[in-house]
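Take a look at the letters that make up each chain.
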Amino acid sequence: MIRVNPDTWQAPVLPKVVPSGDMPGDKVRIGDEHIQKAQTIFPLLLKELAAGGRDRYVVSVYGGSGVGKSEIASLLTYYLNEAGIRSYTMSGDNYPHRIPELNDAERERTYEEGGVEALRGYLGSELEINFKEVNEIIRLFHEGADSIYLRRMGRSVGELWYEPVDFSDTKVLVLEWTHGNNANLRGIDIPVFLASTPAETLAHRIARNRDGKPDSPFITMVLELEQQLLISQAPAAHILVSKAGDIITSNEYLERVNADK
């Protein structure tokens, strides 16, 4: 059982480099916005962990494009480790059936052959994601496995391998992933939703576009469909944080989404 008092917890000083997840080549750039959100989430997370009565927990940090999943998951894992609760950040982006380039091509093929509804059925489904493998990892972790082989995926054909990870003393597995509250996922104890409305997501994409060119119409459609899926999953979140960093309810989030329409 995990016992750290959330009322007396003090955020530790961050090192220059905060350890990130296990996606090869992934780089996190932690800013004040991420720190503020992580420090808002962490006491609530501690309360959930203390109330659960388990020896091991799986926490998912999920949300849409550019919402800061990697950064905030890395911070939560760092805070947990500093509090004496050994934790590990696992990237769900290692578990599609195809490398990114081939998966993008499959998305386009699906759309060309079946239209929007076919694409909607593919995105975040078992056709796109190896949920069976992720679920098995979660099962092994919950059952107390000391070591689990985790997948590593690069961006080129052939860049796929497995590495054993020592979980002998690990109490919390933090899964950072767009699909971290997907209906095909099993065994998530505490889903943390980093929410953004469609308008906020669009504003972020425009702001980060350094070459002045908007996303292609197809990518825009993909992100909009993923956003719709995330909206449908909002009621199942245990902790829900707005783009501004406030803790809100799923009803409040849905009201904001509807106000943007």
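Data block above holds the structure.
Quick summary incoming for the structure in this document. What you see is a predicted model, and the numbers here were worked out from it, not measured in a lab.

### Comments concerning helix H2 (residues 69-82)
At step 1: In a regular helix each residue adds 1.5 Å, so 14 residues correspond to 20 Å; H2 covers 20 Å between its end C-alpha atoms and thus fits that length.
At step 2: Among the 14 residues that make up H2, twelve are buried, leaving the element largely enclosed by the rest of the structure.
At step 3: On the buried face of H2, the contacting elements are helix H1 (32-52), strand S1 (57-63), strand S2 (87-91), strand S5 (172-176) and strand S6 (190-194).
At step 4: Gly84 sits one or two residues past H2 and shows a positive phi near 90 degrees.

### Let's talk about the pattern of salt bridges
At step 1: Applying the stated criterion across every chain, the model contains 13 salt bridges.
At step 2: Arg120 serves as the salt-bridge partner of Glu117, at 3.3 Å between the closest nitrogen and oxygen. Here Arg120 and Glu117 lie together in helix H3 (residues 100-122), a separation of three residues that amounts to about one turn.
At step 3: On the basis of relative accessibility, which here comes to 36%, the residue Arg120 falls in the partly exposed class.

### Details of the side chain of Asp22
At step 1: Examined against the element boundaries, Asp22 turns out to sit in the segment before H1.
At step 2: Of the residues examined, Asp22 reaches a relative accessible area of 10% and is grouped as buried.
At step 3: Engagement of the side chain of Asp22 in a polar contact is seen with the backbone nitrogen of Ser91, the distance being 2.9 Å.
At step 4: Separated by 3.2 Å, the side chains of Asp22 and Asn94 make a polar contact.
At step 5: Each residue touching Asp22, except ones within four places of it in the same chain, is listed here: Tyr88, Thr89, Met90, Ser91, Asn94, Leu150 and Arg152.

### Some remarks on the packing of H1 against H2
The axes of two packed helices give the description: the angle between them and the distance between them.
At step 1: Where H1 meets H2, the closest approach of the two axes is 9 Å, and the angle between their N-to-C directions is 50 degrees. Judged by the angle between their axes, H1 and H2 are oblique. For the element pair H1 and H2, the recorded crossing hand is right-handed. Residues His34, Ile35, Lys37, Ala38, Gln39, Ile41, Phe42, Leu45, Leu46 and Leu49 of H1 form the contact with H2, whose own contacting residues are Glu71, Ile72, Leu75, Leu76, Tyr79 and Leu80.

### Quick notes on the sheet that holds S5
At step 1: Read from one edge to the other, the open sheet built from five strands follows the order S2-S5-S1-S6-S7, with strand pairing classed as parallel. Both edges of this open sheet fall to S2 and strand S7 (239-241), since each of them pairs with a single strand only. Geometrically, the sheet is characterised by an average inter-axis angle of 20 degrees between neighbouring strands, direction not taken into account.
At step 2: Bridge count between S6 and S7: three bridges; the pairing is parallel. Within the sheet, the bridge partner assigned to Phe193 lies in S7 and is Leu240.
At step 3: Across the sheet, helix H4 (residues 131-142) touches S1, S2 and S5, and the angle it forms with S1 is around 145 degrees.

### Here's the deal with a negative patch on the surface
At step 1: On the surface, Glu101, Asp104, Glu108 and Glu112 cluster together into a patch of negative charge.
At step 2: Along the polypeptide, Glu108 turns up in helix H3.

### Here we look at the pairing of S2
At step 1: Of all five residues that make up S2, five are buried, and the element is covered over most of its length.
At step 2: Alternating residues of S2 divide into Ser87, Thr89 and Ser91 and Tyr88 and Met90, and every residue in both groups is buried.
At step 3: Pairing geometry for S2 and S5, over five bridges, is parallel. Note that in S5 the partner of Met90 across the bridge is Leu175.

Rules and cut-offs
Residues numbered from 1 in each chain as written. Predicted model: local features only at pLDDT ≥ 70, side-chain atom pairs only at ≥ 80, totals over all residues. Heavy atoms only, no water. Helix = DSSP H or I, 4+ residues; strand = E, 2+ residues; numbered from the N terminus. Expected span 1.5 Å × (residues − 1). Buried < 20%, exposed > 50% of the residue type's maximum accessible area, 1.4 Å probe, protein only. Contact = heavy atoms within 4.5 Å. Salt bridge = Lys/Arg side-chain N within 4 Å of Asp/Glu carboxyl O. Polar contact = N/O pair within 3.5 Å; in protein donor to acceptor, adjacent residues only side chain to side chain. Axes fitted to C-alpha atoms, helices over the stretch in contact; angles between N-to-C directions. Parallel < 35°, antiparallel > 145°, perpendicular 65-115°, else oblique. Left-handed = near helix turned anticlockwise from the far one by under 90°. Pairing = 2+ DSSP bridges. Patch = residues over 30% accessible without salt bridge, like charges linked within 9 Å, V, L, I, M, F, W, Y side chains within 5 Å. Areas by Shrake-Rupley, 256 points an atom, 1.4 Å probe, with all protein chains shown as cover. Lys, Arg positive; Asp, Glu negative; His and termini not counted. Charge placed at Lys NZ, Arg CZ, Asp CG, Glu CD.

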